[in-house]
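# Structure assessment
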Amino acid sequence: MSIHVKSKLYNIVSSVSMKIILTMLLMILPLNVIVLIYTYNMQEGMIEREELNHQKRAEYFMQSISNTMDNARSMLRHFAMEDQDCFRILDKNSSDYTRESVRLKLHYKIKNMASMADGADGYFFDFRESGAQIIYAARAEKSA
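Because the structure is predicted, anything quoted here is derived from the model rather than measured.

About the criteria used
- Residues numbered from 1 in each chain as written.
- Predicted model: local features only at pLDDT ≥ 70, side-chain atom pairs only at ≥ 80, totals over all residues.
- Heavy atoms only, no water.
- Helix = DSSP H or I, 4+ residues; strand = E, 2+ residues; numbered from the N terminus.
- Buried < 20%, exposed > 50% of the residue type's maximum accessible area, 1.4 Å probe, protein only.
- Contact = heavy atoms within 4.5 Å.
- Expected span 1.5 Å × (residues − 1).
- pLDDT = per-residue confidence, 0-100.
- Core = buried A, V, L, I, M, F, W, Y, C linked by side-chain atoms within 4.5 Å.
- Salt bridge = Lys/Arg side-chain N within 4 Å of Asp/Glu carboxyl O.
- Patch = residues over 30% accessible without salt bridge, like charges linked within 9 Å, V, L, I, M, F, W, Y side chains within 5 Å.
- Areas by Shrake-Rupley, 256 points an atom, 1.4 Å probe, with all protein chains shown as cover.
- Lys, Arg positive; Asp, Glu negative; His and termini not counted.
- Charge placed at Lys NZ, Arg CZ, Asp CG, Glu CD.
- Polar contact = N/O pair within 3.5 Å; in protein donor to acceptor, adjacent residues only side chain to side chain.

Let us now look at the overall build of the chain. Along the chain, the regular secondary structure elements total 4 helices and 2 strands. Reading the secondary structure of the chain in the N-to-C direction produces α-α-α-α-β-β. When each of the 144 residues of the chain is scored for burial, the buried share is 17%. For the chain, long-range pairs separated by at least 24 residues make up 50% of all intrachain contacts whose partners lie at least 6 apart in sequence.

In structure tokens, the structure reads:
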């Protein structure tokens, strides 16, 4: 570099306005870097907390589904093993009137128990031997 260019550069750097600008840059630049690092760390922490919240929510819903399935299984097991109306539907010697009245009675019994059960979404019974079907759905009721 020539001496002429060096002297011009020295004059620019030594001017008061340039000193003020350099001083402001030296004061603001470290603060900006600190803010950027802090923001990055906070963002990483928020992402970790969000992932943990999603995991906890998924575990809660899985436990809820498991409880609903256990409730449904228990209720259906009770009907299949202990309810007298289920046994009467399967009796091939009973009349059509008896079978139909038992089917309706069982339908309303299932509906009432399902409405009291936690998370009763819908149930159905299909008695193929006797040709009777009972369907209870929480959103749209059917009985065939």
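After that view, the rundown keeps rolling.
So, about helix α2 (residues 16–82). Along its 67 residues, α2 runs 98 Å from first to last C-alpha, staying within 8% of the 99 Å computed at 1.5 Å per residue. Among all positions of α2, only Gly45, Thr68, Ala72, Met75 and Phe79 are buried.

Residues shown with low pLDDT carry predicted positions that ought not to be read at fine detail. Summarising the model, the chain shows a mean pLDDT of 77, and 76% of its residues fall at 70 or more. Looking at the elements of the chain, mean pLDDT is at its lowest for strand β1 (residues 122–127), recorded as 56, and at its highest for α2, recorded as 89.

A separate point is the nonpolar core. Among the nonpolar cores identified, the biggest contains 7 residues, and these are Met75, Phe79, Cys86, Ile89, Val102, Leu106 and Ile110. Those elements giving two or more residues to this core turn out to be α2, α3 (84–90) and α4 (96–116). With 3 residues, the top contributor of residues to this core is α4.

Now for the pattern of salt bridges. In total, this model carries 2 salt bridges according to the counting rule given. In this structure, Asp70 engages Arg73 in a salt bridge whose closest nitrogen and oxygen atoms are separated by 2.9 Å. Taken together, the residues Asp70 and Arg73, both in helix α2 and 3 residues apart, mark about one turn of the helix. On the accessibility criterion, Arg73 (41% relative accessible area) is partly exposed.

A cluster of nonpolar side chains, namely Val16, Ile20, Met24, Met27 and Ile28, defines an oily patch on the protein surface of about 510 Å² accessible area. In this fold, Val16 is placed in helix α2. Val16 sits in the exposed class, given a relative accessible area of 61%.

On to a negative patch on the surface, then. Side chains of Glu44, Glu48, Glu50 and Glu51 sit close together on the surface and give a patch of like negative charge. Within the secondary structure, Glu51 is located in helix α2. Residue Glu51 is classed as exposed on the basis of its relative accessible area, which comes to 53%.

Looking at where Lys109 falls in the secondary structure, it is placed in helix α4. Under the relative-accessibility criterion, Lys109 is labelled partly exposed at 26%. As for Lys109 and Phe79, which are separated by 30 residues in sequence, their C-alpha atoms are 9.6 Å apart. The residues contacting Lys109, other than those within four sequence positions of it, are Phe79, Asp83 and Asp85.

Further remarks concern the side chain of Arg103. With respect to the helices, strands and loops of the structure, Arg103 is situated in helix α4. Exposure remark for Arg103: the relative accessible area of 8% places this residue in the buried category. Polar contacts involving the side chain of Arg103 include one to the side chain of Glu100, which spans 2.4 Å.

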